[in-house]
Amino acid sequence: MTADPGSAGPRDGTASQDAGLASLAGEGSILSRTARGAGWVIGWRFCTRFIGLFSTLILVRLLTPADFGIVALATSFVQGFGQLCEVGVEDAIIRDPDPDRALYDTGFTINLIRGFGVALVLLIGAFPIAALFHNPNLAPVLLAVAGISALGAMENIGVVDFRRFIAFDREFVLKIIPRIVQTAIGITLSFILRSYWALIIALLSNQAITTIMTYQLHPFRPRLSLAAWRRMAGYSAWVWVNNLISLLNSNGTNFIIGKMLGVGAVGIFGLGKEIAGLPNTELVGPLCRSAFSGFAQAQADGDNGANLLLRLLALMTIIALPAGLGLSLTAYPIVQLGFGKNWIGAVPLLQVIGVANAFSIFSMISWVVFSVRAWMKALVKIGSAITLIRFVLIIVLLPVYGLTGVAIAIAGTDIIGQIVFIVVTVHRLDLSLTSVLGRVWRSVTAAAMMTALLVVLHLGWRDDPGTDRWQAIHLGAAVLIGAISYTASLIGLWLLAGRPEGAERDLLDFLRAMLRRIETRRLPA
């Protein structure tokens, strides 16, 4: 099979000595290290959510909505321009079989050009953008946040090794300390300044501390060089195209909804889609971030990653599938209790999209395999086709069914994409769909039994208005009964099958290993 242009190319005469800090690699199999890495990333997301909630509860009493709005608008420009210029430098280094100093230095230089380029665009466009939004206060804020892009551009490229060698405990430290300092500075300055500048200074402090820590935590010292740009260009170009399609997908959907139903519908759609995607962002996403490094290491070892794919799919299906279906089943009480009755319109979105998202582990893990093995042409072709079909379905269904029609279009195309991704992946890895089903059928069956029980008991997919107290009782009962029934069904099926090797045993082994490490750390030296 012919490789995509993203495959590793000639060395351009550069030295081939690996420039990575191999001592970061921990003990254990790739699967166990990937699972531990995902645990650290999930831990980071949990901590940052908690810290964010804590700071928000304080800051909303010290600052006005306008303060938050101007900061959100300014940072959205940084993030938007940054995403538009994202070329996957770190991923290109991780998947390279032998990344030498030339590749690291080239990655650093590209990031430097990208970061300072975004900063320059913000500096030039600050006053015109402020005039466009009729808000003169926005201009100095844009000038300040340009510094975030510039500071980020100077980060030590060497810390990519934290991902490359699945040392996510180091990355956790790199992210959590600046986040805590940012929160402390933001709250303190909000008491003093009572202005949005408290948030801006806190954000700049976060990035400055992060940049400094990248040099403290890793001995690599980058140099300015583009010697290995040819090795990175093909892969990075396809990453940029794929990011452009993703940006078009999300923003295009919002544009169509806003044009046909108004801005309020965009807000309801965003809320429903975000809640439905929580299992992906909080569980599957961290696994995929860790899995990219795992598949890259497997490929460097001459392994196509087929066995790792099957085990990761099975392991995450056990957790993500019931979580996704559970959100869909209990959509009504979740929305009413969490956001109020004004947002009830998001319930159908959560119910429909939640079902499709529950199975998205198949497409998300497949996407990682595509990226690691540089099947970038296929990735772009599939993504483009799915996006086009989605837009057509939204335009057809939205006038007839409203936001529910949008949900049907998104869920339908998501399911199509998941099927295509997993079929292509197993074919290219010389696997069979039977081998995939053999790994996940117990989880799928247990989740189906849980769903049927909650529906029969009128605890799932019920849109019954009621008091907050009634909805809380409904939600608590559904979560408790659902968790017990799913766990019991899964264990029962595993025992009936003779306790075979699979996700259940992998999960038990991982939990035992984690408990042993905790116990070891408690023992006196």
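Just so we're clear, the structure is a prediction, and the values are computed from it rather than from any experiment.

1. Some details on the overall build of the chain
Turning to step 1, where the next piece is worked out: A tally of helices and strands in the chain yields 20 helices and zero strands.
Turning to step 2, where the next piece is worked out: Against the 2.2 N^0.38 benchmark of 24 Å for 525 residues, the chain shows a C-alpha radius of gyration of 24 Å, consistent with a compact globule.
Turning to step 3, where the next piece is worked out: Taken along the three principal axes of its C-alpha coordinates, the chain extends 65 × 60 × 55 Å.
Turning to step 4, where the next piece is worked out: Counting across all 525 residues of the chain, residues that qualify as buried make up 49%.
Turning to step 5, where the next piece is worked out: Across the chain, the fraction of contacts at a sequence separation of at least 24, relative to all contacts at a separation of at least 6, is 84%.
Turning to step 6, where the next piece is worked out: Across the chain, the 40 positively charged side chains and the 30 negatively charged ones have centroids separated by 3 Å.

2. Overview of helix H19 (residues 468-496)
Turning to step 1, where the next piece is worked out: Helix length check: H19, at 29 residues, gives a terminal C-alpha distance of 41 Å against a target of 42 Å (1.5 Å per residue), a fit within 8%.
Turning to step 2, where the next piece is worked out: Along H19, the residues classified as buried are Gln471, His474, Ala478, Gly482, Ser485, Tyr486, Ser489, Leu490, Leu493 and Trp494.
Turning to step 3, where the next piece is worked out: Note on H19: the residue one or two positions beyond its end, glycine 498, has a positive phi of about 90 degrees.

3. A short note on the confidence of the model for the chain
Turning to step 1, where the next piece is worked out: Averaged over every residue, the pLDDT of the chain is 89; residues scoring 70 or more account for 95%.
Turning to step 2, where the next piece is worked out: Below a pLDDT of 50 lies the segment residues 1-15, which in the model reaches 36 contacts outside its immediate sequence neighbourhood of four places, other chains included.

4. Focus on the environment of phenylalanine 292
Turning to step 1, where the next piece is worked out: Locating phenylalanine 292 in the fold gives a position in helix H11 (residues 278-300).
Turning to step 2, where the next piece is worked out: The residues touching phenylalanine 292, leaving out its near neighbours within four places in the chain, are Asp91, Ile94, Arg95, Arg163, Tyr235, Val368, Ser371 and Val372.

5. A closer look at a nonpolar patch on the surface
Turning to step 1, where the next piece is worked out: There is a patch of nonpolar side chains on the surface, built from Leu120, Leu123, Ile124, Phe127 and Leu143 and spanning about 500 Å² of accessible area.
Turning to step 2, where the next piece is worked out: Ranked by residues supplied to the nonpolar patch, first place goes to helix H4 (residues 101-132) with four residues.
Turning to step 3, where the next piece is worked out: Tracing the backbone through its elements, the reader meets leucine 123 in helix H4.
Turning to step 4, where the next piece is worked out: Here leucine 123 falls in the partly exposed class, since its relative accessible area comes to 42%.

6. Some details on the nonpolar core
Turning to step 1, where the next piece is worked out: Counting residues in hydrophobic clusters, the biggest one holds 57 residues, and the most contacted among them are Ile93, Phe295, Leu313, Ile361 and Ile365.
Turning to step 2, where the next piece is worked out: What leucine 313 contacts, discounting residues up to four positions off in sequence, is Ile361, Phe362, Ile365, Ile422, Val436 and Val440.

7. Quick notes on the environment of arginine 439
Turning to step 1, where the next piece is worked out: Residue placement: arginine 439 occurs in helix H18 (residues 433-456).
Turning to step 2, where the next piece is worked out: Separated by 77 residues in the primary sequence, arginine 439 and arginine 516 place their C-alpha atoms 27 Å from one another.

8. Structural notes on the packing of aromatic side chains
For any pair of aromatic rings, the description consists of the separation of the ring centres together with the inter-plane angle of the planes.
Turning to step 1, where the next piece is worked out: Enumeration over the complete set of coordinates arrives at seven aromatic pairs.
Turning to step 2, where the next piece is worked out: Ring plane angle 85 degrees and centroid distance 6.1 Å describe the contact between phenylalanine 77 and phenylalanine 133, whose orientation is recorded as edge-to-face. One end of the pair, phenylalanine 77, is in helix H2 (residues 65-84); the other, phenylalanine 133, is in the loop between H4 and helix H5 (138-153), with 56 residues separating them in the sequence.
Turning to step 3, where the next piece is worked out: Classification of phenylalanine 77 by relative accessible area gives buried; the value is 17%.
Turning to step 4, where the next piece is worked out: Judged by centre distance (5.3 Å) and plane angle (85 degrees), the rings of phenylalanine 370 and tryptophan 375 are edge-to-face.
Turning to step 5, where the next piece is worked out: Note on tryptophan 375: relative accessible area 9%, which makes it buried.
Turning to step 6, where the next piece is worked out: Over the aromatic face of phenylalanine 292 sits the side chain of arginine 163, whose NZ or CZ is 5.6 Å from the ring centroid.
Turning to step 7, where the next piece is worked out: Over the ring of tryptophan 375 we find arginine 428; its NZ or CZ atom is 4.9 Å from the centre of that ring.

9. A short note on unusual backbone geometry
Turning to step 1, where the next piece is worked out: Positive phi outside glycine occurs at arginine 194, with the angle close to 50 degrees.
Turning to step 2, where the next piece is worked out: Positive phi is not limited to glycine here, since tryptophan 461 has a value of about 55 degrees.

10. A few points about the side chain of glutamate 282
Turning to step 1, where the next piece is worked out: For glutamate 282, the position within the fold is in helix H11.
Turning to step 2, where the next piece is worked out: Within polar-contact distance, the side chain of glutamate 282 engages the side chain of arginine 49 at 2.6 Å.
Turning to step 3, where the next piece is worked out: Leave out the neighbours within four places in its chain, and glutamate 282 touches Ile42, Arg45 and Arg49.

Thresholds applied
Residues numbered from 1 in each chain as written. Predicted model: local features only at pLDDT ≥ 70, side-chain atom pairs only at ≥ 80, totals over all residues. Heavy atoms only, no water. Helix = DSSP H or I, 4+ residues; strand = E, 2+ residues; numbered from the N terminus. Rg over C-alpha atoms; globule rule 2.2 N^0.38 Å. Buried < 20%, exposed > 50% of the residue type's maximum accessible area, 1.4 Å probe, protein only. Contact = heavy atoms within 4.5 Å. Lys, Arg positive; Asp, Glu negative; His and termini not counted. Charge placed at Lys NZ, Arg CZ, Asp CG, Glu CD. Expected span 1.5 Å × (residues − 1). pLDDT = per-residue confidence, 0-100. Patch = residues over 30% accessible without salt bridge, like charges linked within 9 Å, V, L, I, M, F, W, Y side chains within 5 Å. Areas by Shrake-Rupley, 256 points an atom, 1.4 Å probe, with all protein chains shown as cover. Salt bridge = Lys/Arg side-chain N within 4 Å of Asp/Glu carboxyl O. Core = buried A, V, L, I, M, F, W, Y, C linked by side-chain atoms within 4.5 Å. Phe/Tyr/Trp six-rings, centres within 6.5 Å; stacked < 30°, edge-to-face > 60°. Lys NZ or Arg CZ within 6 Å of the ring centre and 35° of its normal. Polar contact = N/O pair within 3.5 Å; in protein donor to acceptor, adjacent residues only side chain to side chain.

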